[in-house]
Amino acid sequence: MTSTALITGASSGLGEEFATRFAARGENVVLVARRADRLNTLARRIETEHGVTATVVVMDLGAPGVGAALRTTLVDKGITPTTLVNNAGFGTHGKFTDEDPARIAAEIALNVSALVDLTHAFLPNLTGALINIASTAAYQPTPNMAVYGATKAFVLNFTEALAFEHRTSSLKILALSPGPTRTEFFDVVGTGDAAVGNYQTSEQVVSTAMRALDSRRTPASVVSGLSNKISAGGVRLAPRSLAAKISGRLLKA
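Sequence order as written defines residue numbering, which begins from 1 separately in each chain. With the structure being a predicted model, the display of local features is reserved for residues of pLDDT at least 70 and the display and counting of side-chain atom pairs for 80 or more, all residues being used for whole-chain, interface and lining totals. Only heavy atoms go into the side-chain values, all of them from the structure, while hydrogens and water stay out.

(A) Broad picture of helix α1 (residues 13–24). For α1, with 12 residues, the first-to-last C-alpha span of 17 Å sits near the 16 Å given by 1.5 Å per residue. Each residue is placed in one exposure class: buried if its accessible area under a 1.4 Å probe, protein chains only, is under 20% of its type's maximum, exposed if it is over 50%, and partly exposed if it falls in between. Counting from the N terminus, the helices are the DSSP runs of H or I reaching at least four residues and the strands are the DSSP runs of E reaching at least two. Along α1, the positions that sit buried rather than exposed are Leu14, Gly15, Glu17, Phe18, Ala19, Thr20, Phe22 and Ala23. Looking at the residues trailing α1, positive phi occurs at glycine 26, about 90°. Expected span of a helix, by definition, is 1.5 Å for each gap between consecutive residues, and there is one gap fewer than residues.

Here it is, written out as structure tokens:
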């Protein structure tokens, strides 16, 4: 069976880079996002440069039942993904009581509900890897990004738990935690005040994930960037109240 990587949020940033990397390894790719024009452009480039099949699926991943819907779409196309990259997600910034409830609900739906639903739908047939995108925001409370940080803490803990459940399997399960990355993320957030730490490129972040997958023993989670890794490790040793105070200052809460 030909290996196929399914990447959500594939129209730009980390998703686009993951698609390119897996295609460069000879895997077919399934590109899922809402922006058809960008997906089609990426698919054409991937097929031309790497000689693999790139399938485009335009879908709102925040809708209920997305796992079953996407699985049915791919079954109809004769596609069974062997790797899943749950990359789609977005963040919000500001005092929680000032945020739009509909926007918060959409954030939770995409960052948490869709990720869980897609994982449940495709995990039984995965033989390559499951990569869930967490964040350095997952490692401490994040005042002014309370919902985003909480969703990423969920992703981190959920993925590490799955990795343990499948510890005797050959499937590689990885939570990838980037820090600030030069993507469209902060355009969606609406402010650069949400960036804490040194910026990395999409290429650097995805390289961190690929090295982890290629290692003899893939870890359950990895933080991208040395300074981010030191920060994430250090905050786990600090009292929770101190971690929240430091994070709040950095996020201008």
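(B) Examining helix α2 (residues 36–50) more closely. Along its 15 residues, α2 runs 21 Å from first to last C-alpha, staying within 8% of the 21 Å computed at 1.5 Å per residue. The secondary structure elements touched by the buried residues of α2 are α1, β2 (28–33) and β3 (54–58). Positive phi shows up at glycine 51, right after α2, with a value of about 65°. Contacts between residues were defined by any pair of non-hydrogen atoms, one from each residue, lying within 4.5 Å.

(C) Inspection of the packing of helix α4 (residues 101–122) against helix α5 (residues 146–165) at higher detail. Contact geometry for α4 and α5: axes closest at 9 Å, N-to-C directions at 10°. By the angle between their axes, α4 is roughly parallel relative to α5. Contacts between α4 and α5 involve Ile104, Glu107, Ile108, Asn111, Val112, Leu115, Val116 and Thr119 from the first element and Val147, Tyr148, Thr151, Lys152, Phe154, Val155, Phe158 and Leu162 from the second. Basically, the charged four are Asp, Glu, Lys and Arg, the nonpolar ten are Ala, Val, Leu, Ile, Met, Phe, Trp, Tyr, Cys and Pro, and anything else, Gly included, counts as polar. Residue classes in the contact of α4 with α5 are distributed as 11 nonpolar, 3 polar and 2 charged. Lines fitted to C-alpha atoms define the axes, with helix axes restricted to the stretch in contact, and inter-axis angles between N-to-C directions lie between 0 and 180 degrees. For classification, angles of less than 35 degrees are called roughly parallel, those exceeding 145 degrees roughly antiparallel, those between 65 and 115 degrees roughly perpendicular, and all remaining angles oblique.

(D) Spatial organisation of empty space enclosed by the protein. Here a cavity is any set of points on a 1 Å grid over the protein atoms alone where a 1.4 Å probe fits but cannot get out, and a pocket is any open set with protein on both sides within 12 Å along at least 5 of 7 lines; a residue lines the site when it has an atom within 4 Å of a point. Grid points are joined across faces, edges and corners, and a volume is the space filled by probe spheres set on the points. Scanning all chains against the criterion turns up 1 cavity of 30 Å³ or more. Put simply, the largest cavity is a space of about 40 Å³. Contributing to the lining of the largest cavity are Thr8, Leu61, Asn86, Ala88, Leu110, Ala114, Leu115 and Leu118. If you tally residues by element for the lining of the largest cavity, the top one is α4, at 4 residues. Its residues placed into classes, the lining of the largest cavity shows 6 nonpolar, 2 polar and no charged.

(E) Quick look at the pattern of salt bridges. Whenever a carboxyl oxygen of Asp or Glu lies within 4 Å of a side-chain nitrogen of Lys or Arg, that contact is scored as a salt bridge. Scanning the model with the defined rule gives 4 salt bridges in all. For arginine 45, the salt bridge goes to glutamate 16, with nearest N and O atoms at 3.4 Å. Highlighted residues: arginine 45 in helix α2 and glutamate 16 in helix α1, separated in sequence by 29 residues. Using a relative accessible area of 27% as the deciding quantity, one classes arginine 45 as partly exposed. Close ionic contact of aspartate 214 with arginine 25 constitutes a salt bridge, the shortest N to O distance being 2.7 Å. Taken together, the residues aspartate 214 in helix α7 (residues 202–214) and arginine 25 in the loop between α1 and β2 connect sequence positions 189 residues apart. A relative accessible area of 44% places arginine 25 in the partly exposed class.

(F) The arrangement of the sheet that holds strand β6 (residues 172–177) in detail. Two strands qualify as a pair provided DSSP detects at least 2 bridges between them. Taken in spatial order, the 7 strands line up as β3-β2-β1-β4-β5-β6-β7 in an open sheet, and their pairing is parallel. If you trace the sheet from one side to the other, it starts and ends with β3 and β7 (221–223), each paired once. The sheet shows a mean angle of 15° between the axes of neighbouring strands, taken without regard to direction. Looking at chain direction, β2 and β3 are connected through 5 bridges and run parallel. Counterpart to leucine 31 in the pairing with β3 is valine 56.

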